[in-house]
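Spelled out, the chains give:
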Amino acid sequence: MKIKVLTIGTLALATLLLLVWSSAGAQGVGGTLDSQKTVIGPRNPFLADGADALVNGDAERGIELTEKGLAYAKGSFEQKAALSNLCAGYLMVNKPEKALNACNRVLEEDPEFWRAYNNRALVYLELGRFAESEADVKRGQELRPKSKNLKLTRAKLLDATDPVVPSVEIDERRSAGEDFESDTKL
Amino acid sequence: MSAAAQDRVEPVDTDYDRMPANTVVPEYPEKARQERVEGEVQVCFDITREGFPQRVKVRHSTHRYFEKPARDAVRRSTWRPIPHGQNVPGIKACRTFRFTLIPVPPDERD
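Computed from a prediction, not measured in an experiment: that's the story for all the values here. (Residues numbered from 1 in each chain as written. Chains lettered and ligands numbered in written order. Predicted model: local features only at pLDDT ≥ 70, side-chain atom pairs only at ≥ 80, totals over all residues. Heavy atoms only, no water.)

Let us look at the overall build of chain B. For chain B, the helix and strand inventory stands at three helices and five strands. Counting from the amino terminus, helix and strand elements in chain B follow one another as α-β-α-β-β-α-β-β. Within chain B, the proportion of its 110 residues that are buried is 42%. Accessible surface computed for chain B: about 6200 Å², of which carbon and sulfur atoms make up 47%. (Helix = DSSP H or I, 4+ residues; strand = E, 2+ residues; numbered from the N terminus. Buried < 20%, exposed > 50% of the residue type's maximum accessible area, 1.4 Å probe, protein only. Areas by Shrake-Rupley, 256 points an atom, 1.4 Å probe, with all protein chains shown as cover.)

See the structure below:
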């Protein structure tokens, strides 16, 4: 069974991250997760279909299926995937309190899960809890320094707390200087 | 942003400087804005008799984010052509672009 971790880069909530239990991958006949056992069909189809719905932007349906998937979740990974996706899903439908609860549960399960820090930072941002959002971005960047999503989340946070207006000024008063010699003849 | 920056363009009209015809102001790079990076780039170039830039090169830069926008802005800019028969002492020029982020005061935020 194949587990995919996808980044939703093009949806409205571009920086939300799903830990996707991909149905496409799960339906394959080979697997590399914990063992080399052959698995036919997804073990938890609710999680797979819920993730697909969330990726496709159908947040309500995604949440519904993922909640069912959570009820049938076996093992830490399935539970973490379900809660992480619920965190993203509830934020997509503007239910930040529920999203926060799901993210908190993921981080209780795995305090080094950087995607949950990213998602929770967005939840805190939505709730106006900027200091906590900043702390989560910082913690996430400690775990994953090069994450583009965390950089975007940080940018959103800065836009909320310290907005700026870009300005470009042009100065033509400087001479070219001695080290710039033109070889063009008019 | 562009309009505001455009207002600050001060063409220098001397015996030696070419008069800009169309000054293109670069966009502030989004990545730089997101990361709150400011900087300055000086681009040097030749101006042809017809008023087009050539040999456009970055002479000084504080951050690579700004180099391409500055170079591209110069390449898309034009200067007034030199009338036929008129001599000019020099055709090399430099343009400095300053990319800054102005904080929005609390009472002006949405």
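Here the focus is the sheet that holds strand E3 (residues 53–61) of chain B. Spatially, the four strands line up as an open sheet ordered E3(A)-E5(B)-E2(B)-E3(B), and their pairing is antiparallel. At either end of the open sheet lies a strand with only one pairing partner, and these are strand E3 (164–171) of chain A together with E3 of chain B. In this sheet, adjacent strand axes meet at a mean angle of 25° when their direction is disregarded. In terms of strand pairing, E3(A) meets strand E5 (residues 92–103) of chain B through eight bridges, oriented antiparallel. If you follow Val165(A) over to E5(B), its bridge partner there is Ile102(B). Seen against the sheet, helix H3 (residues 67–75) of chain B touches strand E2 (39–47), E3 and E5 of chain B and runs at an angle of roughly 150° to E3(B). (Pairing = 2+ DSSP bridges. Axes fitted to C-alpha atoms, helices over the stretch in contact; angles between N-to-C directions. Contact = heavy atoms within 4.5 Å.)

Residues and elements named next belong to chain A. Where helix H4 (residues 75–92) contacts helix H6 (residues 114–127), the axes come no closer than 10 Å and their chain directions differ by 30°. Our classification of the angle between H4 and H6 gives roughly parallel. The hand of the H4/H6 crossing is left-handed. Together, Ser84, Cys87, Ala88 and Leu91 of H4 and Asn119, Leu122, Val123 and Glu126 of H6 make up the contact between the two elements. (Parallel < 35°, antiparallel > 145°, perpendicular 65-115°, else oblique. Left-handed = near helix turned anticlockwise from the far one by under 90°.)

Let's shift gears to the nonpolar core. Counting residues in each nonpolar core, the largest one holds 26 residues, and the members touching the most others are Leu86(A), Cys87(A), Tyr90(A), Ala99(A) and Val123(A). Elements supplying a minimum of two residues to this core: helix H2 (45–55), helix H3 (59–71), H4, helix H5 (96–109) and H6 of chain A. Counting 23 residues, the second-largest nonpolar core is a separate cluster that includes Val25(B), Tyr28(B), Ala32(B) and Phe45(B). (Core = buried A, V, L, I, M, F, W, Y, C linked by side-chain atoms within 4.5 Å.)

Residues and elements named next belong to chain A. Counted by the stated rule, this structure contains two disulfides over all chains. Between the sulfur atoms of Cys87 and its disulfide partner Cys103 the distance amounts to 2.0 Å. Residues Cys87 and Cys103 are joined by a disulfide whose S-S torsion is about -75°; by sign, that bridge is left-handed. Here Cys103 lies in helix H5 and Cys87 lies in helix H4, a separation of 16 residues in the sequence. (Disulfide = S-S within 2.5 Å.)

What follows is about the environment of Phe77(A). Within the secondary structure layout, Phe77(A) lies in helix H4. For the pair formed by Phe77(A) and Asp110(A), sequence separation is 33 residues and the distance between their alpha carbons is 9.8 Å.

The next subject is the packing of aromatic side chains. Residues and elements named next belong to chain B. One pass over the structure, following the stated rule, counts five aromatic pairs over all chains. Measuring from centroid to centroid gives 4.4 Å for Phe66 and Phe99, while their planes differ by 20°, and the two rings are stacked. Residue Phe66 is found in the loop between E3 and H3, and its partner Phe99 is found in strand E5; the two are separated by 33 residues along the sequence. Per residue, the accessibility class of Phe66 equals that of Phe99, and both read buried. (Phe/Tyr/Trp six-rings, centres within 6.5 Å; stacked < 30°, edge-to-face > 60°.)

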